[in-house]
Amino acid sequence: MTHVLVAGGGIGGLAAALAQARAGHRVTVLEGRPEFSEIGAGIQLAPNAFHALGVLGVRDRVAERADFIDELRLLDGTSGRRLAVLELAGAYQARFGGPYAVVHRGDLHRALLDGCREAGVELLAGHRVSGYRRAGDRVTALASDGAAFSADVLVGADGLRSAVRAQLVGDGGPRVSGHTIYRSVIPMAEVPPELRQKAVALWAGPGWHFVHYPIGGGAFLNLAATRDDGAREEIAGAAAERGRVLGEFPGLCPEARRLLELGRDWRIWVLCDRDPVEEWTDGRVALLGDAAHPMLQYAAQGACMALEDAVVLGRLLDGDPRRVPERLVEYNALRRERTARTTLTARMLGERFYHPAGAGAAERDALLAGLSPEELREAVAWLHGATAFTEAPESVPAAPEPALA
């Protein structure tokens with residue numbers, strides 16, 4: 001039996017642990033925080049994520065707490081005009097074999113955590129991995145509290161500022177995007193009935209955009225407003241004054257403005273990602289999720305990619321610990337180009353579809369106006385329709401085709 005250590009008990013780490021446990025391996029998860037929990041608000045799950053959750057055995061649990069969405073809407077944030085609508089029932093589900101939903105991050109995390117407990121995963125909180133040591137056919141995770149844990153393989157799923165990545169790749173801190181996001185969650189009871197919709201609505205403006213959708217079984221509305229403000233310092237979850245948020249989105253059309261004004265207890269993040277890299281492995285050590293390929297929110301695929309990683313790695317590791325290094329190299333090769341393409345697509349969406357002004361906005365509007373419903377589905381097919389999670393172009397394009405996710 002192979003013993004798998006996972007550094008990080010977030011969504012990616014728990015998915016990796018569950019995949020390995022379901023494959024029959026002994027699994028230990030090391031989480032740096034005092035308890036296993038997840039912060040944040042809403043998260044979008046396309047059919048590719050539901051396929052992965054099905055493999056992991058927790059699809060139904062997530063579906064119980066998810067809000068299934070009828071449409072993805074891209075609207076002009078100043079005029080209110082609809083630019084594109086991707087319908088998510090009927091032909092969409094028939095083509096991609098699953099639904100599109102939104103869920104609270106905590107609900108997704110809880111489903112994976114319960115799955116890990118039932119599968120016999122050893123869950124150890126209070127051990128933040130600070131590095132690792134390789135020796136022969138063993139790898140040892142070194143924790144900041146002085147503890148050390150040895151196993152056959154170490155999966156670094158410790159997030160954007162991964163200590164495992166720092167040792168393995170050594171590429172410094174993440175890339176600060178210059179985009180600031182403000183988040184709030186409000187009770188749906190406070191939302192006027194005429195504004196309650198089973199849709200992800202994205203209002204695009206010059207240098208900003210505003211997204212909202214229901215979460216928590218329809219009990220809450222998730223608000224996320226992003227400003228392309230050139231921010232250069234990392235911020236994660238700091239409180240933001242309501243007046244500041246309202247002042248950052250001039251020209252927002254009346255319908256969207258009504259929803260923005262409902263927000264309270266705003267929190268602020270400065271968005272970060274990293275450039276794609278070729279190698280995520282070092283002998284018996286591999287990266288997964290945000291530790292391997294952190295991406296901006298604009299393709300709504302960060303968590304989806306972590307779930308895909310977990311499923312692919314779960315299929316590859318077999319019962320022979322001697323084969324671990326070659327299996328990790330294969331995992332890296334299978335996932336590298338798909339995740340790189342998704343990372344670059346997310347950047348492109350922010351620049352060309354969510355934040356353009358003037359001629360750039362006019363070019364976007366003309367492109368979208370010419371797309372039929374089938375062409376919209378085709379634009380997202382490579383992303384939403386994946387089931388093996390290894391489909392990828394032979395090379396990563398500099399300017400990917402639009403994926404309206």
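Calculation rules
- Residues numbered from 1 in each chain as written.
- Predicted model: local features only at pLDDT ≥ 70, side-chain atom pairs only at ≥ 80, totals over all residues.
- Heavy atoms only, no water.
- Helix = DSSP H or I, 4+ residues; strand = E, 2+ residues; numbered from the N terminus.
- Buried < 20%, exposed > 50% of the residue type's maximum accessible area, 1.4 Å probe, protein only.
- Contact = heavy atoms within 4.5 Å.
- Pairing = 2+ DSSP bridges.
- pLDDT = per-residue confidence, 0-100.
- Salt bridge = Lys/Arg side-chain N within 4 Å of Asp/Glu carboxyl O.
- Axes fitted to C-alpha atoms, helices over the stretch in contact; angles between N-to-C directions.

Draft legend 1. Fine view of the side chain of Thr339. Tracing the backbone through its elements, the reader meets Thr339 in helix H10 (residues 324–354). Here Thr339 falls in the buried class, since its relative accessible area comes to 1%. Those residues within four positions of Thr339 in sequence are excluded, and the remaining contacts are Trp280, His293, Met295, Met305 and Asp309.

Draft legend 2. Quick peek at the sheet that holds strand E20 (residues 285–287). The strand order across the open sheet built from six strands is E8-E2-E1-E12-E20-E19, with neighbouring strands paired in mixed fashion. Single-partner strands in this sheet number two, and they are strand E8 (122–125) and strand E19 (281–282).

Draft legend 3. View of the confidence of the model for the protein chain. In the predicted model, the protein chain carries a mean pLDDT of 93, and 96% of its residues have values of at least 70. Under a pLDDT of 50 for its full length, residues 392–405 has, in the predicted model, 43 contacts with residues more than four places off or in other chains.

Draft legend 4. Highlighting the pattern of salt bridges. A full pass over the atoms with the stated rule returns 34 salt bridges. Put simply, Asp171 and Arg165 hold a salt bridge, and the shortest N to O gap is 2.6 Å. The exposure class of Asp171 is partly exposed, given its relative accessible area of 33%. Residue Arg165 is classed as buried on the basis of its relative accessible area, which comes to 1%. Through salt bridges with shared partners, a single ionic network connects Asp76, Arg81, Arg364 and Asp365.

Draft legend 5. Just unusual backbone geometry, in detail. Phi at Ala300 takes a positive value of approximately 55 degrees, unusual for a residue other than glycine. Structurally, the position occupied by Ala300 is in the loop between E20 and helix H9 (302–316). Taking relative accessible area as the criterion, Ala300 reaches 15% and is therefore assigned buried. A positive phi angle, near 70 degrees, is found at Phe389, a position not held by glycine.

Draft legend 6. Spotlight on the sheet that holds strand E3 (residues 42–45). Spatial ordering of the open sheet is given by E3-E7-E4, a layout of three strands whose pairing is antiparallel. The open sheet is flanked by E3 and strand E4 (67–68), the only strands paired with a single partner. Summarising the sheet, E4 and strand E7 (residues 101–104) pair through two bridges and their orientation is antiparallel. In the strand pairing of E7, Asp67 is matched with Val102. Lying over the sheet, helix H2 (residues 47–56) contacts E3, E4 and E7, oriented at roughly 90 degrees with respect to E3.

Draft legend 7. Seen up close, the environment of Val55. Secondary-structure assignment places Val55 in helix H2. Taking relative accessible area as the criterion, Val55 reaches 38% and is therefore assigned partly exposed. The spatial distance from the C-alpha of Val55 to the C-alpha of Leu202 is 31 Å, given a sequence separation of 147 residues. Leave out the neighbours within four places in its chain, and Val55 touches Arg22, Val311 and Arg315.

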